Amino acid sequence: MRQIVTFDAYGTLIDFQLGPTTLKVLADRLDLDGLNVEEFLDDFRVMRFQAVLEAYRPYDEVLHSSMEKAMRLHGLDFRPSDGDALVAAVPTFGPFPEVPDALRALKSRYEIAIISNTDDDLIKHNVANIGVEFDHVITAEQAKAYKPSRETFEYAHKAMGVEPSSVIHVAQGWEYDLIPTRDLGLHRRVWINRYGRQGSADYRPYDELRDLSGLPALLGC
């Protein structure tokens, strides 16, 4: 029986340096001395989450519009070039240190796949940066839907030709991945809690790890 381990990409496999990169892009042309950085980045996260709950549009547009809304909320002058610079930075992000070895160990027993809220032309560079071959890379662009929509996961399972009961899903994203997969009938779910967040018994069962280093042992590799 086929078994597939699916992964969220950004924040789970890829060190998604969106916050620091955004600040660097803005600091190149704006005075940020009066900016409450923590509030700004939190609002930017909220804007991105809100954007993926709306009708599908390409991820580069999601980043542009979310950045613009967050900047205007904090009194910052937005220019399209700000969004362009941020989108251009995304393909340069690489994996967390433990990720390549963990994935290689998993490949001895499982197919491995990505299900990601992104565009095909962005994720291909991040996958190359990981340096491990995936059996499947499923994007929101292909599904025409973003997580946390069930449609994204259902599209991925159909595209991979597997039943949910054959899938182990591994993700850092609580709202994007852990919550919506509770009732999908997956074989197993693993939360990569990199940032020490509080989980919830309402969404169990799931396993919890600090990073991917313990995943091969957890899954019998």
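Residues numbered from 1 in each chain as written. Predicted model: local features only at pLDDT ≥ 70, side-chain atom pairs only at ≥ 80, totals over all residues. Heavy atoms only, no water.

Comments concerning the overall build of the chain
For the chain, the count of helices and strands is 10 helices and 6 strands. Rg of the C-alpha trace for the chain: 18 Å, near the compact-globule value of 17 Å for 221 residues, within the 12% margin. Across its three principal axes, the chain shows a C-alpha extent of roughly 55 × 35 × 35 Å. A buried classification covers 50% of the 221 residues belonging to the chain. Considering only residue pairs separated by 6 or more positions, the chain has 62% of its internal contacts joining residues 24 or more positions apart. Working note: accessible area of the chain is about 10200 Å², and carbon and sulfur atoms make up 48% of it. Positive and negative side-chain charges of the chain, numbering 24 and 35 respectively, have mean locations separated by a distance of 4 Å. (Helix = DSSP H or I, 4+ residues; strand = E, 2+ residues; numbered from the N terminus. Rg over C-alpha atoms; globule rule 2.2 N^0.38 Å. Buried < 20%, exposed > 50% of the residue type's maximum accessible area, 1.4 Å probe, protein only. Contact = heavy atoms within 4.5 Å. Areas by Shrake-Rupley, 256 points an atom, 1.4 Å probe, with all protein chains shown as cover. Lys, Arg positive; Asp, Glu negative; His and termini not counted. Charge placed at Lys NZ, Arg CZ, Asp CG, Glu CD.)

Some points on the nonpolar core
Within the largest apolar cluster, 55 residues are counted, with the highest numbers of intra-cluster contacts made by Phe7, Leu13, Phe40, Leu103, Val170, Leu212 and Leu215. Filtering out sequence-adjacent residues up to four positions away, Leu13 remains in contact with Phe7, Asp8, Gly94, Pro95, Phe96, Val99, Leu103, Ile114, Ile130, Phe134 and Leu212. (Core = buried A, V, L, I, M, F, W, Y, C linked by side-chain atoms within 4.5 Å.)

Topic: the sheet that holds strand 4 (residues 167-171)
Strand pairing within a sheet occurs via backbone hydrogen bonds; the two strands may be parallel or antiparallel. Pairing in this open sheet of 6 strands is parallel, and the strands run 3-2-1-4-5-6 from one edge to the other. In this open sheet, the two strands that pair with only one neighbour each are strand 3 (136-139) and strand 6 (207-209). Put simply, the sheet's adjacent strands are angled 20° from each other on average, direction ignored. As paired elements, strand 5 (residues 188-192) and strand 6 share 3 bridges and run parallel to each other. Across the sheet, residue Ile192 finds its bridge partner in strand 6, namely Leu209. Here helix 6 (residues 120-130) sits on the sheet in contact with strand 2 (111-116) and strand 3, set at roughly 145° to strand 3. (Pairing = 2+ DSSP bridges. Axes fitted to C-alpha atoms, helices over the stretch in contact; angles between N-to-C directions.)

Structural notes on unusual backbone geometry
Of the consecutive residues Lys147 and Pro148, the connecting peptide bond is found in the cis state with omega at 20°. Along the polypeptide, Pro148 turns up in the loop between helix 7 (140-143) and helix 8 (150-160). Between Arg204 and Pro205 the backbone carries a cis peptide bond, its omega angle lying at 10°. Position of Pro205 relative to the elements: it lies in the loop between strand 5 and strand 6.

Some points on helix 3 (residues 59-73)
The end-to-end C-alpha distance of helix 3 is 21 Å, a good match for the 21 Å that 15 residues give at a rise of 1.5 Å each. Considered for burial, the residues of helix 3 that qualify are Tyr59, Val62, Leu63, His64, Ser65, Ser66, Met67, Ala70 and Met71. Positive phi appears at Gly75, one or two residues downstream of helix 3, with a value of about 75°. (Expected span 1.5 Å × (residues − 1).)

Brief notes about the pairing of strand 1 (residues 4-7)
Of the two faces of strand 1, the one holding Ile4 and Thr6 and the one holding Val5 and Phe7 are both buried throughout. As paired elements, strand 1 and strand 2 share 4 bridges and run parallel to each other. Among the inter-strand pairings, Phe7 is bridged to a residue of strand 2, identified as Ile114. Pairing of strand 1 with strand 4 involves 4 bridges; the strand directions are parallel. The residue bridging Ile4 from the neighbouring strand is Val167, located in strand 4.

Details of helix 4 (residues 80-89)
Residues of helix 4 that are buried include every one of Asp82, Gly83, Leu86, Val87 and Ala89, and no others. Viewed end-on, helix 4 has its buried residues packed into an arc of 160°, placing them on one side of the element. In helix 4, those exposed residues whose orientation departs by more than 90 degrees from the buried face are Pro80 and Ala88. Where helix 4 is buried, its residues meet helix 1 (18-27), helix 2 (37-52), helix 3 and helix 6. (Arc of directions from axis to C-beta.)

With respect to the layout of surface pockets
Volume-wise, the largest pocket comes out at about 810 Å³. Lining the largest pocket are 26 residues, and of these Phe16, Arg45, Arg48, Gln172 and Tyr176 lie nearest its centre. Looking at which element gives the most residues to the lining of the largest pocket, the answer is helix 2, with 7 residues. Residue composition of the lining of the largest pocket, by class: 12 nonpolar, 6 polar and 8 charged. (1 Å grid on protein atoms, 1.4 Å probe; cavity = no way out; pocket = protein on both sides within 12 Å on 5 of 7 lines; lining within 4 Å. Points joined across faces, edges and corners; volume = space filled by probe spheres on them. Nonpolar A, V, L, I, M, F, W, Y, C, P; charged D, E, K, R; others polar.)

Brief notes about the pattern of salt bridges
Tallied over the full model, the rule gives 16 salt bridges. Among the ionic pairs, Arg57 bridges to Glu54, the shortest N-O distance being 3.4 Å. Taking the relative accessible area as the measure of exposure, Glu54 reaches 34% and is therefore partly exposed. For Glu98, the salt bridge is made with Arg194, and the minimal N-O distance between the two is 2.6 Å. Of this pair, Glu98 sits in the loop between helix 4 and helix 5 (99-106) while Arg194 sits in the loop between strand 5 and strand 6, placing them 96 residues apart in sequence. (Salt bridge = Lys/Arg side-chain N within 4 Å of Asp/Glu carboxyl O.)

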